[in-house]
Amino acid sequence: MAPEIFNEKKYNEKADMWSLGIIMYILLTGKAPYFGNDDEKIIAQAKKGIFNRKLLLSAKISKQALTLIDKLLTKDVKARLSAEEAIQDPWI
């Protein structure tokens, strides 16, 4: 879930773009972007908008894919890509 869903309980369609970034992350690395021994630790990371960037960097994916994931997993909703912006991304 996007950080704003946890933190503000108010969200818009950009929460779906966060989810798209999570799905891209999993498809390109084979692992989830959050890690921890229990749900509480994983949820705390999601609330902060923290994801395992090291794994993403070590996955040997293209710079364009990495940039797109970064833009989709931006905690600041206003700075996060919209669907229209994402579809125009060079990686797509």
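A short tour of the structure in this document, coming up. (Residues numbered from 1 in each chain as written. Predicted model: local features only at pLDDT ≥ 70, side-chain atom pairs only at ≥ 80, totals over all residues. Heavy atoms only, no water.)

1. Points about the side chain of threonine 29
Then comes step 1: Along the polypeptide, threonine 29 turns up in helix H2 (residues 14-29).
Then comes step 2: A distance of 3.1 Å separates a polar atom in the side chain of threonine 29 from the backbone oxygen of lysine 31.
Then comes step 3: Those residues within four positions of threonine 29 in sequence are excluded, and the remaining contacts are Leu55, Leu56 and Ala59. (Helix = DSSP H or I, 4+ residues; strand = E, 2+ residues; numbered from the N terminus. Polar contact = N/O pair within 3.5 Å; in protein donor to acceptor, adjacent residues only side chain to side chain. Contact = heavy atoms within 4.5 Å.)

2. Overview of the side chain of aspartate 89
Then comes step 1: Topologically, aspartate 89 is positioned in the segment after helix H6 (83-87).
Then comes step 2: Ignoring anything within four residues of it in the chain, the contact list for aspartate 89 reads Gln64, Leu68 and Lys71.

3. As for the pattern of salt bridges
Then comes step 1: Throughout the structure, instances matching the rule amount to three salt bridges.
Then comes step 2: A salt bridge links lysine 71 to aspartate 89, with the shortest nitrogen-to-oxygen separation between them at 4.0 Å. Placement of lysine 71 in helix H5 (residues 63-72) and of aspartate 89 in the segment after H6 is noted, with a sequence separation of 18 residues between them.
Then comes step 3: Look at lysine 71 and you get partly exposed, because its relative accessible area is 35%. (Salt bridge = Lys/Arg side-chain N within 4 Å of Asp/Glu carboxyl O. Buried < 20%, exposed > 50% of the residue type's maximum accessible area, 1.4 Å probe, protein only.)

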